[in-house]
Amino acid sequence: MSGKSAGEIGEFALIERLRDVLGTVGNDTDVIVGNGDDAAVIKAADGKCWVVTCDAQVGGVHFPSTGDVSGFAVGYKSLAVNVSDVAAMGGKPRFALISLGIPEETAITFLDDLYGGVRALSERYDILVLGGNVTRTSGPLFVDVFLVGEVMEEKILRRSGACAGDQILVTGYLGDAAAGLHLSSTPHIQLREDVHASLTRAQLEPQPRVAEGVVIAESGFATAMMDISDGLAGDIRHLCEASGTGALLWESELPVSGALLETASIAEKKPMEWALHGGEDYELLVTTPAESVRALQEVLRRAGGALLTPIGEILPVTQGISLKRADGIFALDNLAWEHFSA
């Protein structure tokens with residue numbers, strides 16, 4: 001075999017390469033958003049659009065071997081990560097198809113539990129699972145979800161709308177999922193039961209911000225939005241690349257939970273490393289003009305949504321992407337999680 005491997009060029013370079021191979025084949029005026037965002041968006045009728053996305057969860061990559069994780073958590077998270085993509089466009093999830101690759105030795109009870117997790121989340125968001133596919137694999141087990149949501153055309157939010165002068169906001173807390181992942185590999189760490197459960201749940205059963213995404217989109221205040229799946233440091237870079245801007249994040253303003261702070265202290269870890277580079281938070285990363293920040297926060301508060309915290313500002317592209325810390329301003333390392341790392 002000649003030439004570089006997928007592992008040598010990295011996930012995001014691979015995506016760009018495959019996108020280039022496709023070129024413009026199949027372009028259609030009904031496609032409003034194609035490659036390069038959280039989900040694709042296709043015109044439907046009467047101003048409504050379909051939001052479509054797919055994501056696979058693979059054993060040993062996205063979740064431990066089946067003996068070390070519940071089927072419920074695998075099913076729940078497999079659907080949740082797709083729901084988060086639809087939420088990031090301001091959409092509501094509607095229909096799902098699920099494909100399973102199953103090793104022969106997989107326990108039927110594990111698969112029952114996996115679909116119990118799918119059912120729990122689908123009932124919460126009124127998603128209809130219409131079917132899918134089952135195939136045998138030599139391993140590992142995988143779950144591939146195709147999800148369809150809907151949004152009105154004028155409410156679509158993309159990654160590409162941020163402008164210099166906008167403020168950057170985030171829902172909820174950052175880093176809890178990364179702390180939960182750390183706990184799964186360090187069972188000797190002694191924590192209060194409620195702290196351990198909170199962080200483990202954040203990693204295994206993330207809460208997609210569907211209601212928040214809809215409220216933010218309908219408010220008309222936001223200029224761009226995406227979900228945080230690869231870590232804040234990596235995803236702010238994705239947003240800036242799509243928008244043609246730079247950014248400055250304020251480390252002192254990054255929202256972190258008390259559970260994360262307590263765990264970081266005991267584990268002798270830096271909490272801001274988890275918040276910046278951890279990944280799998282599935283919170284929403286939002287930009288809005290500075291004068292609209294309070295109004296957007298109030299809209300979300302009245303709707304009973306998650307905390308919405310200003311964490312930085314959008315800059316001209318020439319100023320790059322930086323982090324403001326107590327001891328100065330530094331270039332922000334791009335340490336997004338990748339399926340392939342160079």
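Quick caveat, the model's predicted, so the values are computed rather than measured. (Residues numbered from 1 in each chain as written. Predicted model: local features only at pLDDT ≥ 70, side-chain atom pairs only at ≥ 80, totals over all residues. Heavy atoms only, no water.)

K.L.:
Quick question: what am I supposed to make of the overall build of the protein here?
P.N.:
Helix and strand counts for the protein come out as 11 helices and 13 strands. A compact globule built from 342 residues would reach a C-alpha radius of gyration of about 20 Å, and the protein, at 20 Å, matches this within 12%. Over its C-alpha atoms, taken along the principal directions, the protein stretches across nearly 55 × 55 × 55 Å. Across the 342 residues in the protein, those meeting the buried criterion constitute 48%. Here the analysis covers contacts within the protein between residues at least 6 apart in sequence; of these, 83% occur between residues at least 24 apart. On the protein, roughly 16,400 Å² of surface is accessible, and the fraction owed to carbon and sulfur atoms is 51%. Averaging the coordinates of the 25 positive side-chain charges in the protein and doing the same for the 47 negative ones gives two points 3 Å apart. (Helix = DSSP H or I, 4+ residues; strand = E, 2+ residues; numbered from the N terminus. Rg over C-alpha atoms; globule rule 2.2 N^0.38 Å. Buried < 20%, exposed > 50% of the residue type's maximum accessible area, 1.4 Å probe, protein only. Contact = heavy atoms within 4.5 Å. Areas by Shrake-Rupley, 256 points an atom, 1.4 Å probe, with all protein chains shown as cover. Lys, Arg positive; Asp, Glu negative; His and termini not counted. Charge placed at Lys NZ, Arg CZ, Asp CG, Glu CD.)

K.L.:
Even after reading the chapter, I still don't get the sheet that holds strand S3 (residues 48–58), so can you show me in this structure?
P.N.:
The pairing of strands in a sheet happens through backbone hydrogen bonds and is either parallel or antiparallel. The strand order across the open sheet formed by 6 strands is S1-S2-S3-S6-S4-S5, and the pairing between neighbours is mixed. Each end of this open sheet is capped by a strand with a single partner; those strands are strand S1 (31–33) and strand S5 (128–136). The average undirected angle you get between the axes of adjacent strands in this sheet is 20°. Relative to S3, strand S2 (residues 40–43) runs antiparallel, the two being bridged by 4 bridges. Bridge assignment links Ala 40 to a residue of S3, and that residue is Val 52. (Pairing = 2+ DSSP bridges. Axes fitted to C-alpha atoms, helices over the stretch in contact; angles between N-to-C directions.)

K.L.:
Help me understand the nonpolar core in this model?
P.N.:
For soluble globular proteins, nonpolar side chains are generally found buried alongside one another. Leu 232, Ile 236, Leu 249 and Leu 285 are the most contacted members of the largest nonpolar core, which totals 37 residues. Broken down by element, the residue count for this core peaks at 5 residues, all from helix H8 (residues 232–243). Sequence-distant contacts of Ile 236, that is, excluding residues within four places in its chain, are made with Ile 168, Ala 247, Leu 249, Leu 285, Ile 321 and Leu 332. The next biggest cluster of nonpolar side chains, apart from the first, holds 34 residues, and it includes Val 74, Val 83, Met 89 and Leu 147. (Core = buried A, V, L, I, M, F, W, Y, C linked by side-chain atoms within 4.5 Å.)

K.L.:
It is not clear to me how unusual backbone geometry should be interpreted in this structure. Could you clarify?
P.N.:
In terms of backbone geometry, most residues other than glycine have negative phi values and most peptide bonds are trans. Cis peptide bonds are those with omega within 30 degrees of zero, and the linkage from Gly 139 to Pro 140 qualifies with -5°. Structurally, Pro 140 can be placed in the loop between S5 and strand S6 (142–152). Its identity as a non-glycine residue notwithstanding, Asp 126 has a phi of 55°, on the positive side. Mapped onto the elements of the fold, Asp 126 is located in the loop between helix H4 (108–124) and S5. Even without a glycine there, the phi angle at Glu 280 is positive, about 60°.

K.L.:
Help me understand the side chain of Ser 257 in this model?
P.N.:
Looking at where Ser 257 falls in the secondary structure, it is placed in the loop between strand S9 (245–250) and helix H9 (258–267). A relative accessible area of 7% places Ser 257 in the buried class. Those residues within four positions of Ser 257 in sequence are excluded, and the remaining contacts are Tyr 173 and Asp 176.

K.L.:
Could you clarify how one ought to interpret the pairing of strand S13 (residues 328–331) in this entry?
P.N.:
Regular strands place their side chains on alternate faces of the sheet. The pairing of strand S12 (residues 321–325) with S13 spans 4 bridges and is classified as antiparallel. What sits directly across from Arg 325, in S13, is Gly 328. Hairpin connection of S12 to S13: 2 residues between the antiparallel strands.

K.L.:
Any chance you could explain the side chain of Thr 53 here in plain terms?
P.N.:
Secondary-structure assignment places Thr 53 in strand S3. For Thr 53, a relative accessible area of 7% translates into the label buried. A polar contact of 3.2 Å, which involves the side chain of Thr 53, links it to the side chain of Asp 85. If we ignore the near neighbours within four places in the chain, the residues touching Thr 53 are Asp 38, Ala 39, Asn 82, Asp 85, Val 86, Val 145, Phe 146 and Leu 147. (Polar contact = N/O pair within 3.5 Å; in protein donor to acceptor, adjacent residues only side chain to side chain.)

K.L.:
What am I meant to see in the packing of aromatic side chains here?
P.N.:
For any two aromatic rings, the description comes down to two numbers: the centre-to-centre distance and the angle of the planes. Throughout the structure, instances matching the rule amount to 2 aromatic pairs. For the pair Phe 72 and Tyr 76, a centre-to-centre distance of 6.2 Å together with 25° between the ring planes defines the contact as stacked. Taken together, the residues Phe 72 and Tyr 76, both in helix H3 (residues 71–88) and 4 residues apart, mark about one turn of the helix. Lying across the ring of Phe 330, Arg 325 places its NZ or CZ 5.1 Å from the centre. (Phe/Tyr/Trp six-rings, centres within 6.5 Å; stacked < 30°, edge-to-face > 60°. Lys NZ or Arg CZ within 6 Å of the ring centre and 35° of its normal.)

K.L.:
Would you mind going over the packing of helix H5 (residues 176–185) against helix H6 (residues 193–204) with me for this structure?
P.N.:
Two measures define how a pair of helices packs: the angle their axes make with one another and the distance between the axes. Put simply, H5 and H6 touch, their axes get as near as 7 Å, and they point 105° apart. In this view, H5 runs roughly perpendicular relative to H6, as classed from their interaxial angle. Contact residues: H5 offers Asp 176, Ala 177, Ala 179, Gly 180, Leu 181 and Leu 183, while H6 offers His 196, Leu 199, Thr 200, Ala 202 and Gln 203. (Parallel < 35°, antiparallel > 145°, perpendicular 65-115°, else oblique.)

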